[in-house]
Amino acid sequence: MKKIIIILVCSFSLLSFTYNEIDGYITLFENANSGKYFKYGKSHYFEFFAKDKELINSQQYYVKYRRYSWGDVDTTYYRKGKTYYYHIDKKSLKESIVLPVKPVLGDNWLENDKSWSYEVIVVDQKFKTPKKKYKDCVKVHCQQLTDRDKGKGKEFFLHYSATHGFVGNVDSHGNILSYLSEVKLNAKDGESIGGN
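All figures in this text were calculated on a predicted structure; none of them were measured in a lab.

Q: Residues and numbers for the pairing of strand β6 (residues 84-89), please.
A: Within a regular strand, the side chains alternate between the two sheet faces. Pairing analysis gives 4 bridges linking strand β5 (residues 73-80) to β6, with the strands arranged antiparallel. Paired with Y78 across the bridge in β6 is H87. Hairpin geometry of β5 and β6 is characterised by an intervening segment of 3 residues between the two adjacent antiparallel strands. For β6 and strand β7 (residues 94-100), the ladder comprises 6 bridges, and the chain directions are antiparallel. Looking at β7, one finds that Y84 is bridged to P100.

Shown next, in the form of structure tokens:
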């Protein structure tokens, strides 16, 4: 009985720590030893943040790396404003809204080059992945307005959890394109996340 109580207390402490560390619709990890592993069809990708922020156009940005299973790496620069989360195109130095800090039904915005439109269409969406069920999601409708991203579909839906950030997206038929599979916080040297 004593063992069960200790396990429950430890589990509760760990869950509380986890939710405190990754709270928010957009999670900006300051700790470079934290990361997220996503399944992406038959492939996967891993996201983590650089240890230090980068100064771009007189603003401090978190630097996020996304490493795909086939070897490509994308770098994105994020910051949190009072009303919105932003990312910046480092070449043009133009910012785009990623998501409102406190999304409400009907919020809408455009990518800075007007290539994509976004709209919050549900604020309490349930989203089920092969790993977890989320009850508190904001669902964002994305529509490509130009042919800038020819390799991507014309329309899809993003899901953001209030406590886990981005948790997955689906196509216009509801098929899951990618989803959060694992979160590792404060990993120690040599620890791994996800699998092949």
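Q: Describe in detail unusual backbone geometry, supporting the description with residues and values.
A: The phi angle at K114 is positive, at roughly 60°, despite the residue not being glycine. Along the chain, K114 falls in the loop between β8 (108-110) and β9 (116-128). Its identity as a non-glycine residue notwithstanding, N186 has a phi of 50°, on the positive side. Assignment of secondary structure puts N186 in the segment after β13 (176-184). Residue N186 is classed as partly exposed on the basis of its relative accessible area, which comes to 23%.

Q: Quick one: what's the story with a positive patch on the surface, residue by residue and with numbers?
A: The grouping of K126, K128, K133 and K135 at the surface amounts to a positive patch. At the level of elements, β9 and β10 (133-144) are the ones that each hand at least two residues to the positive patch. With respect to the helices, strands and loops of the structure, K126 is situated in strand β9. K126 sits in the exposed class, given a relative accessible area of 64%.

About the thresholds
Residues numbered from 1 in each chain as written. Predicted model: local features only at pLDDT ≥ 70, side-chain atom pairs only at ≥ 80, totals over all residues. Heavy atoms only, no water. Pairing = 2+ DSSP bridges. Helix = DSSP H or I, 4+ residues; strand = E, 2+ residues; numbered from the N terminus. Buried < 20%, exposed > 50% of the residue type's maximum accessible area, 1.4 Å probe, protein only. Patch = residues over 30% accessible without salt bridge, like charges linked within 9 Å, V, L, I, M, F, W, Y side chains within 5 Å. Areas by Shrake-Rupley, 256 points an atom, 1.4 Å probe, with all protein chains shown as cover. Salt bridge = Lys/Arg side-chain N within 4 Å of Asp/Glu carboxyl O. Lys, Arg positive; Asp, Glu negative; His and termini not counted. Charge placed at Lys NZ, Arg CZ, Asp CG, Glu CD.

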